[in-house]
Amino acid sequence: MIVAGSGAGAMAGALAAAANGLRTVVLEKTPLLGGTSAYSGAAIWLPGSQVQERDGAGDSTESARTYLKALLGEENAEHRETFLATAPEVVAFLEDDPAIEFKYQPFPDYFNAPGRLDMGRSFIPRALPRERIGELAALVRPPVDRDRAGLGHDPEAPLVQGRALIGRLLLALTATGNAVVRTGTALTGLVVEDGRVVGVEAEGPDGPVRVRAERGVLLAAGGFERDAATREAHGVPGSAEWTMAPAGSNTGGAIAAAAGIGAATGLMDQGWWCPGTATPDGGAAFTLGFRGGLIVDAAGNRFANESLPYDQMGRKMAEAPGRVPAHLIFDSRSGGLPAITVPPSVPEEHLAAGTWVQADTLAELAGKLGLPADALTATVERFNAFAEKGVDEDFHRGEDAYDRFFAAGKGPNPALVPVDQAPYYAAKIVLSDLGTKGGLQTDPDGRVLDTGGAPIPGLYASGNSSASFTGPYYPGPGIPIGTAMVFAYRAVQHMQGEGR
Ligand SMILES: Cc1cc2nc3c(=O)[nH]c(=O)nc-3n(C[C@H](O)[C@H](O)[C@H](O)COP(=O)(O)OP(=O)(O)OC[C@H]3O[C@@H](n4cnc5c(N)ncnc54)[C@H](O)[C@@H]3O)c2cc1C
C-alpha cells in the first residue's frame, strides 16, 4: 500500500499496514517527515482508551459520545460511532509497539457541553530521548522556531510533542522492515485501472515515478492551507502566509488528484483556526492561553472573550470586518506577551519590526496603531473596571473552565488582569490556522467517495486531506491528530479485509 504524506495519520496508517505484513511505501513531498503534525503539541483526543484509564483521567467512551453528540447532533453519526469504537483499539495497537508510549496530559475540552471533561481527555507521547532515535532524528521536522530558521533539532534535547510522535512512529515503522520512506517525493496523480486506484504518479528527486499499490492508496497529505489560489477559490478566511503548516508543504495536491478522478469534496471553506501573532517575517505564530491583555478591532473595541479556545476565537475574528488584523493590548506587568506563542515571541525582534508597538500612554499607542484614541482608552478603562469587579459583563471572560486553565491573575477573576502599567504594548494579531479541514468525502472506513456517493475502490483519505466529521467544530485538544489516526487505521483495516 502507498501512503501520501507523513503526518500523524499517515505514519499511523503506514505502521498499521507494515506491522501486519503489507509492504508499505510512504511518499513525503518535502525533505522532512511529519508536516504540521511534527510542529504540533501532539495532544491526541482518542477517548476511552487504556491511557486515560491508566492515568486516572475519568474518561469513558460514553461520556465522549455524550459530548460529541451535544456538539454535532446526529450529523455524521456513523463516523462518530466508528471513531469512538476504534479509538481505544488504535491506542492499544500503537502502545503494543515498544517504541510508542503515551501519557495523559490535562487540557480542557473546548466546549461547555454535556460529557465535557474540565481537565480534558487527551494525551501526548512521552519525550523521545536522542539516543533512542539516533540518526533517524534528522528525518523528523524540527520545532517551528528552529525549522523556520533553517536549523535542525537541538542536538542536546530529546524530541518532544509532535516530534516525539513522528519520531516514535518512524522508529516503529522502521522496525517492521516492511516500509520504504521516500522524502522529496510528491504525489501528483492517481493511476486508475478498471475503475480502481492501483497506484500513484509522483515527482521525486530524480524526476517522475509511478508506484503500484495492490491494496490501496491512503491520501494523508494535509489540506490546502499553503495554497493561496485554492483558499481563495473556496473562500477560506486567513491566508497562505499566516497558516502554521510548514513552508512548501500542504498545497492540496492529493485532494486535487482525487478530485481529478471524480472524488467528492466537502467543508472546503473550513479550517482549524487560531489567532496568530504576526511575525516579523510576514508569517504568524499560533497564539493561545491568554493570561492577560485584551484584543481590539480596528475601531478600538473588544469583540470576544480573548480566552476562548483558539478555533472559536479565530471564527470570531473571521465573523466581521475590522477584526483582521486585531491588536492585543497589554502592559508592562506581563513581562512580555501575556500568551503562549508557537514559535516563541522575541520582544526585541517584534518591536524592531513594528509587529509590536510600545507607548507611554494608551492615546499614544492608539496613535501609532491608527486606532481611535478615545475608543481605545474607553475600552481599556471599561475592561479594567471589569477586572476590579471580577466580572466581564461584555464577553464573560473567565467564566469557563478553559479560560481559567491558563489564567494567572491575582484579582477576583484570574482571567481578568487590568491593563494599567505603562509602558503599553500592542501586538498585531492576524487570522492563522493549523490547517484547512475540508477535503475528500470519505465513509467511516476512510474510503474516498465519488460525487455520486459510491466508494472509489483502492482510494482512502484521512486527516486534513479529508473532510472532517467534526464539521465546523473543534471539540477538544487533539481532535485533528486523533481523528487522522483513527481513519488512517480504519483505511488500512479495510484494505486488508478487502484485498483485491
Ligand atoms: C503549533 C501547532 C500545535 C498543534 N497542536 C496540536 C495538538 O496538540 N493536537 C492536534 O490534534 N493537533 C494539533 N495541531 C494541528 C495538527 O498538527 C494538524 O491539523 C494535523 O497534524 C494535520 O495532520 P495531517 O496529517 O492532515 O497533515 P500534516 O501533518 O501537515 O502532514 C501532511 C504531510 O503531507 C505532505 N504532503 C503534502 N502534499 C503532498 C503530496 N502531494 N505528496 C506527498 N506528500 C505531501 C506534507 O509535506 C506534510 O508533511 C497543531 C498545529 C500546530 C501548528
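Structure's up top.
Presented here is a report on the structure given in the accompanying data block. (Residues numbered from 1 in each chain as written. Predicted model: local features only at pLDDT ≥ 70, side-chain atom pairs only at ≥ 80, totals over all residues. Heavy atoms only, no water.)

Another point: the pattern of salt bridges. By the definition in use, this model includes 27 salt bridges. With a shortest N-O distance of 2.8 Å, Glu-95 and Arg-54 are connected by a salt bridge. Taken together, the positions of Glu-95 in helix H5 (residues 77-95) and Arg-54 in helix H3 (residues 50-54) put the pair 41 residues apart, joining distant regions of the chain. In this structure Glu-95 comes out as buried when scored by relative accessible area, which is 15%. When the shortest N-O distance is used, the salt bridge between Arg-65 and Glu-62 registers 2.6 Å. One end of the pair is Arg-65 and the other is Glu-62, both in helix H4 (residues 61-72) and three residues apart, which spans about a single turn. Here the salt bridges share partners, and the residues they tie into one network are Glu-62, Arg-65, Glu-74, Arg-80 and Glu-81. (Salt bridge = Lys/Arg side-chain N within 4 Å of Asp/Glu carboxyl O. Helix = DSSP H or I, 4+ residues; strand = E, 2+ residues; numbered from the N terminus. Buried < 20%, exposed > 50% of the residue type's maximum accessible area, 1.4 Å probe, protein only.)

Here we come to the site of the ligand. What surrounds the ligand is a group of 34 residues, the closest being Glu-28, Thr-36, Ser-37, Ala-43 and Asn-464. Take Ser-37: an N or O atom from its side chain is 2.5 Å from an oxygen atom of the ligand. Separating a nitrogen atom of the ligand from a backbone N or O atom of Gly-41 is a distance of 3.1 Å. Of all the secondary-structure elements, those providing two or more residues to the shell around the ligand are helix H2 (35-39), strand S6 (186-193) and helix H16 (479-498). Here the shell around the ligand is composed, by residue class, of 15 nonpolar, 17 polar and two charged. (Near = heavy atom within 4 Å. Polar contact = N/O pair within 3.5 Å; in protein donor to acceptor, adjacent residues only side chain to side chain. Nonpolar A, V, L, I, M, F, W, Y, C, P; charged D, E, K, R; others polar.)

This part covers the environment of Val-90. Note that Val-90 resides in helix H5. Given the relative accessible area of 1%, Val-90 is considered buried. Along the backbone, Val-90 and Val-486 are 396 residues apart, and their C-alpha atoms lie at a distance of 6.6 Å. The contact partners of Val-90, leaving out residues within four places of it in the chain, are Leu-46, Val-486 and Tyr-489. (Contact = heavy atoms within 4.5 Å.)

Attention now moves to the sheet that holds strand S7 (residues 196-204). The three strands lie next to each other as S6-S7-S8, forming an open sheet whose pairing is antiparallel. Each edge of the sheet is formed by a strand with only one pairing partner; in this case those strands are S6 and strand S8 (207-212). Taking each pair of neighbouring strands and ignoring which way they run, the sheet shows an average axis angle of 25 degrees. In this sheet, S8 lies alongside S7 in antiparallel orientation, the contact comprising six bridges. Bridging across to S8, Gly-204 finds its partner in Gly-207. (Pairing = 2+ DSSP bridges. Axes fitted to C-alpha atoms, helices over the stretch in contact; angles between N-to-C directions.)

Moving on, we get to helix H14 (residues 373-389). With 17 residues, H14 extends 24 Å from end C-alpha to end C-alpha; this agrees with the ideal 24 Å at 1.5 Å per step. Buried within H14 are the following residues: Leu-376, Thr-379, Val-380, Phe-383, Asn-384, Phe-386 and Ala-387. In an axial view of H14, the angular spread of the buried residues amounts to 155 degrees, which keeps them on one side of the axis. Residues of H14 that are exposed and angled more than 90 degrees away from the buried face: Asp-374, Glu-381 and Glu-388. Buried residues along H14 sit against strand S13 (294-296), strand S14 (326-331) and helix H13 (362-369). Once H14 ends, the next one or two residues include Gly-390, with phi positive near 85 degrees. (Expected span 1.5 Å × (residues − 1). Arc of directions from axis to C-beta.)

This is a description of form; function is not addressed.
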